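Observations on the three-dimensional arrangement
Chain by chain, the residues:
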There are 2 protein chains.
Amino acid sequence: MNFSIGELSKQTGVKVPTIRYYEKEGLIDPPVRTEGNQRRYRETDRERLRFIRHSRDLGLPMPAIRDLIELSQHPDKPCHEADRIAADQLKSIRERIVHLKKLEVELARIATSCQGDHTVTQCNVLKAFGDHSQCLDNH
Amino acid sequence: MNFSIGELSKQTGVKVPTIRYYEKEGLIDPPVRTEGNQRRYRETDRERLRFIRHSRDLGLPMPAIRDLIELSQHPDKPCHEADRIAADQLKSIRERIVHLKKLEVELARIATSCQGDHTVTQCNVLKAFGDHSQCLDNH
DNA sequence: CTTGAAGCTCTAGTCGCTATAGGGATTAGA
DNA sequence: TCTAATCCCTATAGCGACTAGAGCTTCAAG
């Protein structure tokens with residue numbers, strides 16, 4: 001019915017200090033307190049926190065989550081902005097994949113460039129880290 | 001022969017405050033100073049900075065770069081550690097790609113789930129952000 | 001010799017937490 | 001009812017790798 005921050009943490013997988021941090025940042029509402037000043041949460045708080053957690057796991061930055069929460073407070077508004085946020089995040093993830101794949105190519109080359117026993121002066125890995133001109137791409 | 005921090009910045013693409021930061025962190029040696037206390041660099045400093053820059057561009061964390069620099073001061077040592085650092089970084093990049101690809105799948109689903117004009121209460125995007133059970137993967 | 005760009009140090013802010021310190025509250029068992 | 005173990009509270013500082021700003025000094029071109 002009504003549970004402590006530790007219980008909420010267990011149920012959502014969000015660590016206790018992180019829950020307090022989200023409250024401070026305004027992502028979740030300050031809950032009621034016991035006489036001894038401890039937080040007590042309800043199901044709606046748990047849903048909100050799961051929403052935040054899942055959005056974070058998907059890589060959304062906190063301002064985007066803030067926007068989504070704001071939006072969800074206005075049931076009759078159109079939801080274009082939610083669409084846009086999802087599309088932006090997808091785009092950003094795809095850009096990061098492209099970037100990382102380029103790095104992967106270079107690093108695979110570098111990591112295999114020094115097979116066998118070498119000393120530092122002969123080391124192709126060290127040379128490659130210092131010499132961007134060996135790279136196929138501009139990172 | 002001997003140039004200012006701004007010149008070094010132009011030649012390497014590393015911003016002036018970042019150069020000072022690297023010096024503070026011990027990645028580059030403190031250069032000589034003019035009578036008026038301004039830094040003056042040499043070619044070797046430029047090479048060192050290019051090494052750092054390129055390593056950073058490839059995603060190496062600063063402690064790894066520190067290790068590589070340390071290593072390069074000992075020309076006769078074997079270079080296994082450089083190999084290991086490169087291999088570790090390649091592994092880490094590949095793991096990140098795998099992770100991001102999973103996110104891409106989920107986000108592509110979410111971003112296309114709400115075609116047409118909906119209001120917030122009907123919004124599939126908002127629902128999907130709140131509901132991890134719709135996902136194929138555990139992120 | 002003047003002027004304006006570039007340099008100097010120091011501090012604080014970024015993001016999303018996480019860790020620690022030093023205390024108070026709650027709860028289960030004896 | 002007492003006590004011990006566990007939980008919870010606030011506040012502050014730290015992470016990584018910079019970046020921005022304030023307030024001052026030095027340099028180089030004309």
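Please refer to the structure higher up on the page.
About the thresholds
Residues numbered from 1 in each chain as written. Chains lettered and ligands numbered in written order. Predicted model: local features only at pLDDT ≥ 70, side-chain atom pairs only at ≥ 80, totals over all residues. Heavy atoms only, no water. Least-squares fit on C-alpha atoms with pLDDT ≥ 70 in both. Contact = heavy atoms within 4.5 Å. Near = heavy atom within 4 Å. Polar contact = N/O pair within 3.5 Å; in protein donor to acceptor, adjacent residues only side chain to side chain. Core = buried A, V, L, I, M, F, W, Y, C linked by side-chain atoms within 4.5 Å. Buried < 20%, exposed > 50% of the residue type's maximum accessible area, 1.4 Å probe, protein only. Buried area = accessible area lost by both parts, 1.4 Å probe. Salt bridge = Lys/Arg side-chain N within 4 Å of Asp/Glu carboxyl O. Helix = DSSP H or I, 4+ residues; strand = E, 2+ residues; numbered from the N terminus. 1 Å grid on protein atoms, 1.4 Å probe; cavity = no way out; pocket = protein on both sides within 12 Å on 5 of 7 lines; lining within 4 Å. Points joined across faces, edges and corners; volume = space filled by probe spheres on them. Nonpolar A, V, L, I, M, F, W, Y, C, P; charged D, E, K, R; others polar.

**Regarding the relation of the copies chain B and chain A**
Once turned by 180° and shifted 0.0 Å along the axis, chain B lies on chain A with an RMSD of 0.0 Å. When the rotation and shift are considered jointly, the pair of chain copies conforms to a two-fold rotation axis. Measuring from the rotation axis to each C-alpha of chain B, the shortest distance belongs to B:I97, at 3.0 Å. When the interface residues of chain B are mapped onto chain A, 100% of them again fall at the interface, so both copies present the same face.

**Quick word on the protein's contact with DNA strand C**
Neighbouring DNA strand C are 18 residues; A:Y22, A:R56, B:G6, B:R20 and B:R39 lie closest to it. By atom count, sugar and phosphate contribute 88% of the portion of DNA strand C lying within 4 Å of the protein. Within the side chain of A:T34, a nitrogen or oxygen atom sits 3.0 Å from a phosphate oxygen of DNA strand C. For DNA strand C, a phosphate oxygen lies 2.4 Å from a polar atom in the side chain of B:R20.

**Describing the nonpolar core**
Formed by 78 residues in total, the largest nonpolar core has its most connected members in A:F129 and B:F129. Not counting residues within four places of it along the chain, the set of residues in contact with A:F129 comprises A:L107, A:I110, B:F51, B:H54, B:S55, B:L58, B:L60, B:L68 and B:A86.

**A short note on the interface of chain B and chain A**
The interface is formed by 52 residues belonging to chain B together with 52 residues belonging to chain A. For the chain B face of the interface with chain A, the top three residues by lost area are B:H54, B:L58 and B:F129, together amounting to 16%. In this assembly, chain B and chain A are joined by two salt bridges. Across the chain B-chain A interface, the total number found is 18 residue pairs in polar contact (both at pLDDT 80 or more). When residues of the side of chain B that touches chain A are traced back to their parent elements, those giving at least two are α3 (43-57), α4 (62-72), α5 (80-111) and α6 (124-130) of chain B.

**A few points about the layout of surface pockets**
Residue and element names in this part refer to chain A. Reported here for the largest pocket is a volume of approximately 430 Å³. The wall of the largest pocket is formed by 17 residues, among which T44, E47, R48, F51 and S72 lie closest to the centre. The element best represented in the lining of the largest pocket is helix α3 (residues 43-57), accounting for six residues. Across the lining of the largest pocket, the residue classes tally to six nonpolar, five polar and six charged.

**Some thoughts on the protein's contact with DNA strand D**
Taken together, 19 residues form the shell around DNA strand D, and within it A:S4, A:G6, A:R20, B:Y22 and B:R56 come nearest. Backbone atoms, meaning sugar plus phosphate, form 90% of the atoms of DNA strand D positioned within 4 Å of the protein. Within the contact set of DNA strand D, a phosphate oxygen lies 2.7 Å away from a backbone nitrogen or oxygen of A:G6. Residue B:G36 places a main-chain N or O atom 3.2 Å away from a phosphate oxygen belonging to DNA strand D. At three residues, the largest contribution of residues to the surface near DNA strand D is made by helix α2 (residues 16-24) of chain B.

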